[in-house]
Amino acid sequence: MPAEPSCPPPPLRLTLDPAALAHNWRALDRLSGTAAAGAAVKADGYGIGARRAVPVLAAAGCRDFFVAHWAEAAALVDLVDPACLAVLHGPLTAAEAAWAQANGVRPVLNSLEQIERWQAVGGGVCHLMVDTGINRLGLPLAALGDSRLAALRVDILLSHLASADEESPLNGRQLEAWQAARQRVPHRRASLANSAGITLGAAYHGQLTRPGLALYGGVPCAALAGQIRPVVRPEAAILQVRTIAAGDTVGYNATFTAPGPMRVGVVGLGYADGYLRAWSGCGSAHFDGVRLPVLGRVSMDMTVIDLTATPRAGEGDWVTIDYDLPAAAQLTGLSQYELLTSLGQRLARN
Ligand SMILES: *Cc1c(COP(=O)(O)O)cnc(C)c1O
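Thresholds applied
Residues numbered from 1 in each chain as written. Predicted model: local features only at pLDDT ≥ 70, side-chain atom pairs only at ≥ 80, totals over all residues. Heavy atoms only, no water. UniProt positions renumbered as here; feature names shortened; annotations may be inferred. Helix = DSSP H or I, 4+ residues; strand = E, 2+ residues; numbered from the N terminus. Contact = heavy atoms within 4.5 Å. Phe/Tyr/Trp six-rings, centres within 6.5 Å; stacked < 30°, edge-to-face > 60°. Buried < 20%, exposed > 50% of the residue type's maximum accessible area, 1.4 Å probe, protein only. Core = buried A, V, L, I, M, F, W, Y, C linked by side-chain atoms within 4.5 Å. Domains from an automatic or database assignment. Near = heavy atom within 4 Å. Polar contact = N/O pair within 3.5 Å; in protein donor to acceptor, adjacent residues only side chain to side chain. Areas by Shrake-Rupley, 256 points an atom, 1.4 Å probe, with all protein chains shown as cover. Nonpolar A, V, L, I, M, F, W, Y, C, P; charged D, E, K, R; others polar. Pairing = 2+ DSSP bridges. Right-handed = clockwise from strand over helix to strand, strands pointing away.

## Considerations on the UniProt feature "modified residue: N6-(pyridoxal phosphate)lysine" (unreviewed entry) in the chain
Piece 1. As recorded in UniProt, the sites labelled "modified residue: N6-(pyridoxal phosphate)lysine" (unreviewed entry) are K42.
Piece 2. Mapped onto the elements, K42 comes out in helix α2 (residues 42–46).
Piece 3. In this structure K42 touches F66, V67, A68, E72 and L88, once residues within four positions along its chain are discounted.

Listed below in structure tokens is the structure:
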């Protein structure tokens, strides 16, 4: 019997530029001075696909990878040395601590309870998060004298900046608190800076930096402008072309009215794919170098674009969705982080 044909690829995809990803890591590693740059690959590599990103980053020289959840580490253990995978949320249950032990993945311990849980399953090398002012995860400085810390074998002593992407007195205060923690807790490497934090100067670098957003093409602060290349590009096929007349309207609630005869195309990308309604009226695509504005409201599975300027584009042709992250954030009011991580699973990533 002939094999069943496999399901053909969907009419939308997220194209990755591995050279740009490697370039961005190398740029951030260089900007980290004597510190090495690691990589935050949580949330499936900020939506671009962690299993695609990790081998590219590793080949560029990256050694340390940070995920949020244990399941995210489990999805990567076959790609990198598990000891190089750090789970930021730490062990919330004995089962998570035991899984870390069994697989050699390193927990980031965030509380005295997590420290106890780690020691209860045998302990060993771990990372320790100290809260220096973001008041999210991590031990408060006041807990650093606790006797339960004495037996820890800390590789990375880390903390996280709240306002690295802006000029804020909080940055200096967090730096001081992190320096104080470094004096009190024996550790192998100290780490504070995320993407934007790298630009705050050598004092913030320690031995390891932890960029995420900028690896994937985000530009969180002016100091990184010109150094970071776009990494992903959403593309969608035109499902149907139609001609409309003056006075015709497009899409839900008829928010666009044609001023004259127009050629419009329907692409199979909508807010269910993370192309949110914020793009209605301001989004655009490109075909053959021609800009094609979004017309009317973005709907769940479809968006209509103006093809009038490009008579050559027809059904089945692929257009590139304009998604330059800093510009997109300006246009939509969404953060660059949201723009990346909301891109949905219906976009093929290969
Ligand atoms: C997400 C995260 C990072 C990366 O931050 P970016 O702003 O994306 O560079 C670094 N460290 C921790 C603890 C994080 O949660």
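## Some points on the packing of aromatic side chains
Piece 1. Applying the stated criterion to the full structure yields five aromatic pairs.
Piece 2. Here the aromatic rings of Y46 and Y337 are separated by 6.4 Å at their centres, their planes lie at 40°, and the arrangement is tilted. Of this pair, Y46 sits in helix α2 while Y337 sits in helix α9 (residues 336–341), placing them 291 residues apart in sequence.
Piece 3. Residue Y46 is classed as buried on the basis of its relative accessible area of 6%.
Piece 4. For the pair W279 and Y323, a centre-to-centre distance of 5.8 Å together with 35° between the ring planes defines the contact as tilted. Remark: Y323 occurs in the loop between β19 (318–321) and α8 (325–332) and W279 occurs in the loop between β15 (262–267) and β16 (284–287); sequence separation between them is 44 residues.

## What to know about the nonpolar core
The nonpolar side chains of soluble globular proteins are, as a tendency, buried together.
Piece 1. L57, L128 and Y216 are the most contacted members of the largest nonpolar core, which has 94 residues in total.
Piece 2. Among the elements that take part in this core, helix α3 (residues 50–60) stands out by supplying six residues, more than any other.
Piece 3. Both domains that furnish three or more residues to this core are identified here as domain 1 (18–220) and domain 2 (232–349).
Piece 4. In this structure L57 touches L21, W25, A39, V41, C62, F65, L215 and Y216, once residues within four positions along its chain are discounted.

## Description of the site of the ligand
Piece 1. Neighbouring residues of the ligand: 14 residues in total, closest K42, Y46, S195, L213 and Y337.
Piece 2. Residue R210 places a side-chain N or O atom 2.9 Å away from a nitrogen atom belonging to the ligand.
Piece 3. In this structure, an oxygen atom belonging to the ligand sits 2.6 Å away from a side-chain N or O atom of Y337.
Piece 4. Its free accessible area being 390 Å², the ligand has 93% of it covered by the protein chains.
Piece 5. Across the shell around the ligand, the residue classes break down as seven nonpolar, four polar and three charged.

## A look at α3
Piece 1. Of all the positions in α3, only A50, R52, A53, V54, V56, L57 and A60 are classed as buried.
Piece 2. Looking at the buried positions of α3, the neighbouring elements they touch are β1 (12–16), α1 (18–31), β3 (39–40), α2 and β4 (65–67).
Piece 3. Immediately beyond the C-terminal end of α3, within one or two residues, lies G61, with a positive phi of roughly 125°.

## Some points on the pairing of strand β6 (residues 106–109)
Across a regular strand the side chains alternate sides, sitting on one face of the sheet and then on the other.
Piece 1. Direction of pairing for strand β5 (residues 85–87) relative to β6: parallel, over a ladder of two bridges. The residue bridging V87 from the neighbouring strand is P107, located in β6.
Piece 2. One crossover worth recording links β5 to the parallel β6 by way of helix α5 (residues 94–103), and it is right-handed.
Piece 3. As paired elements, β6 and strand β7 (residues 125–131) share two bridges and run parallel to each other. Within β7, the residue paired with L109 across the bridge is L128.
Piece 4. Since β6 and β7 lie parallel, the crossover through helix α6 (residues 112–120) that links them has a hand, and here it is right-handed.

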